[in-house]
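# Close look at the chain arrangement
Letter by letter, the chains look like this.
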Amino acid sequence: MSSENLPQSPERPESPEQQRRKPRVAVVFGGRSSEHGISVVTAGAVMKAIDRTKYDVLPIGITTDGRWALTTDDPERMAITDRKVPDVDRLTESAEGSVVLSVDPGSREVVYTEPGSVPKALGEVDVVFPVLHGPYGEDGTLQGLLELSGVPYVGAGVLASAVGQDKEYMKRVFISFGLPVGPYEVVRPREWDRDPSAVRKRIVDFAGEHGWPLFIKPARGGSSMGITKVDELSGLDAAIEEARRHDPKFLVESLLRGREIECGVLEFEDGPRASVPAEIPPVTAHEFYDFEAKYIDSAAGLVPAPLTAEETAEVQRLAVAAFDATSCEGLVRADFFLTEDGTFVINEINTLPGFTPISMYPRMWQESGVSYPELVDRLIQAALTRSTGLR
């Protein structure tokens with residue numbers, strides 16, 4: 001990519017060094033959430049797909065305790081092996097060294113420090129490709145830091161990331177825009193701490209209205225972690241405990257009988273477009289499409305989904321509507337249920353969806369004519385041309 005295609009700013013003209021070199025992409029991964037391991041796997045796939053003739057790559061891993069670390073640029077070490085996900089600690093070049101990104105919007109310099117050593121400048125970063133899943137990364141916190149630093153980044157901004165992470169407010173936004181949402185209840189931390197018995201009664205009343213089974217899930221989690229299908233009252237407390245282990249706020253949802261349909265949205269020059277949809281078939285070895293089914297056992301989705309032309313058009317319309325309703329940018333995976341009466345109900349969106357080559361989002365775009373390397377490149381190019389700040 002030539003320097004003339006890079007974003008220009010009158011307040012921050014390019015230096016001669018910037019004009020000579022390739023754009024530098026910082027792939028930031030790992031993080032403090034329970035989705036740390038799958039984030040590392042995703043980062044490995046993204047780093048492997050980035051065209052090194054066009055971009056320089058700077059891998060930055062965030063450990064589970066929040067340290068930003070310089071890691072090895074070796075995607076092969078970032079894969080799932082023996083049914084175990086990798087972690088950043090095994091990839092760091094130093095157990096104590098840390099990476100610091102300047103919050104001065106006039107400088108995109110990245111500095112590496114180690115105790116007892118002189119800080120080492122790693123050069124400027126032109127764009128960040130965040131592949132952090134869950135809190136402290138996908139929820140707007142990292143995006144806020146990058147906005148303060150003036151560094152462009154792949155994906156949704158602060159508000160859309162926060163809304164996309166919090167299932168309560170996501171559903172509230174969907175409802176306000178007229179999108180179909182299934183029955184749910186929200187239990188906030190103070191409600192549970194103040195009167196667990198009252199919360200149990202509310203959930204039982206909800207089950208009485210909508211029937212068992214119920215799904216108890218963390219309000220701000222992903223990768224299906226912490227979710228429990230509860231068939232009767234006796235399993236309720238254990239399910240709540242598991243959800244609260246991931247997030248003190250949790251949701252209660254009724255079972256929607258129907259087919260699980262997913263659809264990807266990608267931002268093009270003329271606006272967001274929807275991919276061909278996919279279907280998640282019933283997972284016989286699991287209670288539902290949980291973490292192990294997604295990433296360990298690699299349950300195969302049907303791409304494209306066997307839908308009628310009218311159903312395909314409708315789910316694509318709803319996916320783009322969800323993208324717009326939450327003010328998303330870059331990419332989104334929208335998850336739906338096609339109920340037995342033939343209507344689509346939106347379950348949730350993911351602003352940083354699973355992004356390994358076998359993940360549903362890249363597979364849907366592959367079937368739509370955009371290969372995995374092309375998808376990665378398009379997201380980087382879109383981020384490079386997008387300014388930070390109000391837009």
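Residues numbered from 1 in each chain as written. Predicted model: local features only at pLDDT ≥ 70, side-chain atom pairs only at ≥ 80, totals over all residues. Heavy atoms only, no water.

On to the overall build of the protein. Check the secondary structure of the protein and you find 12 helices and 16 strands. At 21 Å, the protein has a C-alpha radius of gyration in line with the 21 Å of a compact globule built from 391 residues. Taken over the C-alpha atoms alone, the protein extends approximately 70 × 50 × 40 Å along its principal axes. The proportion of buried residues among the 391 residues of the protein is 54%. Averaging the locations of the 41 positively and 61 negatively charged side chains of the protein gives two centres separated by 2 Å. (Helix = DSSP H or I, 4+ residues; strand = E, 2+ residues; numbered from the N terminus. Rg over C-alpha atoms; globule rule 2.2 N^0.38 Å. Buried < 20%, exposed > 50% of the residue type's maximum accessible area, 1.4 Å probe, protein only. Lys, Arg positive; Asp, Glu negative; His and termini not counted. Charge placed at Lys NZ, Arg CZ, Asp CG, Glu CD.)

Right, let's get into the sheet that holds strand β9 (residues 214–218). By definition, the strands of a sheet pair up through backbone hydrogen bonds, in either a parallel or an antiparallel sense. With antiparallel pairing, the four strands of this open sheet are ordered in space as β8-β11-β9-β10. Only two strands of the sheet have a single partner each, and these edge strands are β8 (184–187) and β10 (228–230). Mean inter-strand twist for the sheet, computed between neighbouring axes without regard to direction, equals 25°. Where β9 meets β10, three bridges bridge the pair, whose relative direction is antiparallel. Residue pairing across strands places I216 opposite T228, the latter belonging to β10. In this fold helix α5 (residues 167–176) packs onto β8, β9 and β11 (250–254), with an angle of close to 140° to the strand it touches most, β8. (Pairing = 2+ DSSP bridges. Axes fitted to C-alpha atoms, helices over the stretch in contact; angles between N-to-C directions. Contact = heavy atoms within 4.5 Å.)

Now for the UniProt feature "binding site: Mg(2+) 1" (unreviewed entry) in the protein. In the numbering adopted here, UniProt assigns the feature "binding site: Mg(2+) 1" (unreviewed entry) to D335 and E348. With respect to the helices and strands, D335 occurs in strand β15 (residues 331–339). Classification of D335 by relative accessible area gives buried; the value is 9%. Side-chain polar atoms of D335 contact the side chain of R333, separated by 2.8 Å. By the element assignment, E348 lies in strand β16 (residues 344–350). (UniProt positions renumbered as here; feature names shortened; annotations may be inferred. Polar contact = N/O pair within 3.5 Å; in protein donor to acceptor, adjacent residues only side chain to side chain.)

All right, on to the confidence of the model for the protein then. Looking at the protein, the pLDDT average stands at 90 and 90% of residues meet or exceed 70. Here residues 1–12 is a poorly scored stretch, pLDDT under 50, and it has 22 contacts once near neighbours within four places are set aside; other chains count. (pLDDT = per-residue confidence, 0-100.)

A few words now on the domain arrangement of the protein. By the assigned domains, the protein splits into domain 1 (24–154), domain 2 (164–181 + 257–351) and domain 3 (184–254). Contacts between domain 2 and domain 3 engage 19 residues on the former and 21 residues on the latter. When domain 2 packs against domain 3, close to 1,500 Å² is buried across both sides, 48% of that on carbon and sulfur atoms. The residue K249 makes a salt bridge to D166 at a minimum N-O spacing of 2.9 Å. Summed over the shared surface of domain 2 and domain 3, the number is six residue pairs in polar contact (both at pLDDT 80 or more). Broken down by secondary-structure element, the contributors of at least two residues to the side of domain 2 that touches domain 3 are α5, α9 (291–296) and β16. In terms of residues, the side of domain 2 that touches domain 3 owes the most to one element, α5, which gives six residues. (Domains from an automatic or database assignment. Buried area = accessible area lost by both parts, 1.4 Å probe. Salt bridge = Lys/Arg side-chain N within 4 Å of Asp/Glu carboxyl O.)

Scanning the model with the defined rule gives six aromatic pairs in all. For the ring pair F336 and F344, a centre distance of 6.2 Å and an interplane angle of 80° mean the geometry is edge-to-face. Exposure class is identical for F336 and F344. Each is buried. One aromatic cluster is present, formed by F129, F355, Y361 and Y372 through successive ring pairs. Over the aromatic face of Y184 sits the side chain of K171, whose NZ or CZ is 5.4 Å from the ring centroid. Cation over ring: R273 sits above F268, and NZ or CZ is 4.0 Å from the ring centre. (Phe/Tyr/Trp six-rings, centres within 6.5 Å; stacked < 30°, edge-to-face > 60°. Lys NZ or Arg CZ within 6 Å of the ring centre and 35° of its normal.)

Within strand β2 (residues 56–62), six of the seven residues are buried, which leaves it mostly tucked inside the rest of the structure. As paired elements, strand β1 (residues 24–30) and β2 share seven bridges and run parallel to each other. Paired with V27 across the bridge in β2 is P59. Taking the sense of rotation as the criterion, the β-α-β connection linking β1, helix α2 (residues 36–49) and β2 turns out right-handed. Pairing of β2 with strand β3 (residues 68–70), which is carried by three bridges, proceeds in the antiparallel orientation. Across the sheet, residue I62 finds its bridge partner in β3, namely W68. In this structure, the hairpin formed by β2 and β3 is closed by a connection of five residues, where G66 is found at a positive phi of approximately 95°. (Right-handed = clockwise from strand over helix to strand, strands pointing away.)

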